[in-house]
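Take a look at the letters that make up each chain.
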Amino acid sequence: MNEIERNLNTIKATIPKEVTLVAVSKTKPISDILQAYHAGQRIFGENKIQEMAEKWENMPKDISWHMIGHVQTNKVKYMAPFVDLIHAVDSVKLLREINKQAKKHNRIINCLLQIKIAQEDSKYGLNKEDALAILTAQETKELTNVHIQGLMGMATFTENQEQIKIEFSKVATFFKELQPEYPQLKTLSIGMSGDYKLAIDCDSTMVRIGSSIFGARNYN
Ligand SMILES: *Cc1c(COP(=O)(O)O)cnc(C)c1O
């Protein structure tokens, strides 16, 4: 058994069956992704649209590709033919463009609204009011080629477990408040390599794990 397969099995053993594992393969070569694929993994997350599109072209077509990074409106077209779930939607403008591109391919593209929970200013995301405004807007209901199926959050990059827990709980509570009114919201995407166990304690339904599966990333 190779190391990637071993890591994958170790992680799968620690997450409940009903929690979806997104294997975050950004910066990693196709050979690494194929090792995870041959070990049974079918959902992969990338944060650059062009990199994801190249991998999609060159890899088995039963892979579900998730865009987990910030999305620039002018690049939506490159992933519209195949992307399965876009995690970080944070504006109506972006939703409109996703809808337009999805329509061209006769698809409905699944989206999550990214909620800002971290304290750092640099993190993208919506506050609760803006997210609610998007969900409520008549315009959103008319975007028939997008399907908003949940929320996504990223905690502050810190060792402070208590703070991470507070941030995850914030988005989890919001998610539960919204569900009675918006039953299409089924996915709560929180948790990465360093904090996924905490996220699962906070009722995550989808974790995005990279370095614990593929090893540390090299950005050179
Ligand atoms: C890179 C990334 C991850 C995975 O991070 P790891 O710490 O390697 O597990 C998860 N979510 C997002 C949005 C990312 O950009």
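The sections below set out a description of the structure shown in this document.

Reading the values: rules and limits
What you see as residue numbers is a count from 1 along each chain, following the sequence as written. Whole-chain, interface and lining totals are the exception, using all residues; otherwise, since this is a predicted model, local features are given only for residues with pLDDT of at least 70 and side-chain atom pairs are given and counted only at 80 or more. Hydrogens and water molecules were not included; the side-chain quantities draw on all heavy atoms of the structure. Helix numbers and strand numbers start at the N terminus; a helix is a DSSP run of H or I with at least 4 residues, a strand a run of E with at least 2. Polar contact criterion, stated in full: a pair of N or O atoms within 3.5 Å, where within protein one must be able to donate a hydrogen and the other to accept it, and residues adjacent in sequence count only if both atoms are side-chain atoms. Nearness is defined per residue: one heavy atom within 4 Å of the molecule or strand is enough. Throughout, the ten residues Ala, Val, Leu, Ile, Met, Phe, Trp, Tyr, Cys and Pro are labelled nonpolar, Asp, Glu, Lys and Arg are labelled charged, and all others, Gly among them, are labelled polar. Think of a salt bridge as a Lys or Arg side-chain nitrogen and an Asp or Glu carboxyl oxygen that are within 4 Å of each other. Relative accessibility decides the category of a residue: with a 1.4 Å probe and only protein chains considered, values under 20% of the type maximum give buried, values over 50% give exposed, and everything between is partly exposed. Counting rule for charge: Lys and Arg are taken as positive, Asp and Glu as negative, and neither His nor the chain ends is counted. Note on contacts: a residue pair qualifies if any of its non-hydrogen atoms lie within 4.5 Å across the two residues.

It is worth spelling out the side chain of Arg208 at this point. Its place among the elements puts Arg208 in strand 8 (residues 206-209). A polar contact is formed between the side chain of Arg208 and the backbone oxygen of Gly153, at a distance of 3.4 Å. There is a polar contact of 2.9 Å between the side chain of Arg208 and the side chain of Ser189.

Close to the ligand lie Val24, Lys26, Ile68, Met152, Met154, Met192, Ser193, Arg208, Ile209, Gly210, Ser211 and Arg217. One nitrogen or oxygen atom from the side chain of Lys26 is found 2.7 Å from an oxygen atom belonging to the ligand. At 2.8 Å, a backbone N or O of Gly210 approaches an oxygen atom of the ligand. In the shell around the ligand, the residues fall into 6 nonpolar, 3 polar and 3 charged.

Side chains that carry opposite charge are capable of pairing whenever their charged atoms lie near each other. One pass over the full model with this rule turns up 6 salt bridges. A salt bridge links Lys55 to Glu51; its shortest N-O distance comes to 2.8 Å. In this pair, Lys55 and Glu51 are both assigned in helix 3 (residues 49-57), 4 residues apart and thus about one turn of the helix distant. Judged by relative accessible area, Lys55 falls into the buried class, the value being 6%. Taking the shortest distance from any N to any O, the salt bridge between Glu139 and Arg96 comes out at 2.5 Å. Of this pair, Glu139 sits in helix 7 (residues 138-142) while Arg96 sits in helix 5 (residues 92-104), and the two are 43 residues apart along the sequence. Linked by salt bridges that have partners in common, Glu46, Glu51 and Lys55 make up one network.

To continue, consider the side chain of Lys26. Mapping Lys26 onto the fold places it in the loop between strand 1 (20-24) and helix 2 (30-38). Buried charged residue Lys26 carries no salt bridge. Nearest counter-charge: Glu46, at 8.6 Å. Dropping the residues within four chain positions of it, Lys26 is found in contact with Gly45, Glu46, Asn47, Glu51, Lys55, Arg217 and Tyr219.

Once that is clear, we can look at unusual backbone geometry. Phi at Asn106 takes a positive value of approximately 60°, unusual for a residue other than glycine. As for its placement among the helices and strands, Asn106 is situated in the loop between helix 5 and strand 5 (109-115). Given a relative accessible area of 72%, Asn106 falls into the exposed group. A positive phi angle, close to 75°, is found at Asp203, a residue other than glycine. Tracing the chain through its elements places Asp203 in the loop between helix 9 (196-201) and strand 8. For Asp203, a relative accessible area of 41% puts it in the partly exposed group.

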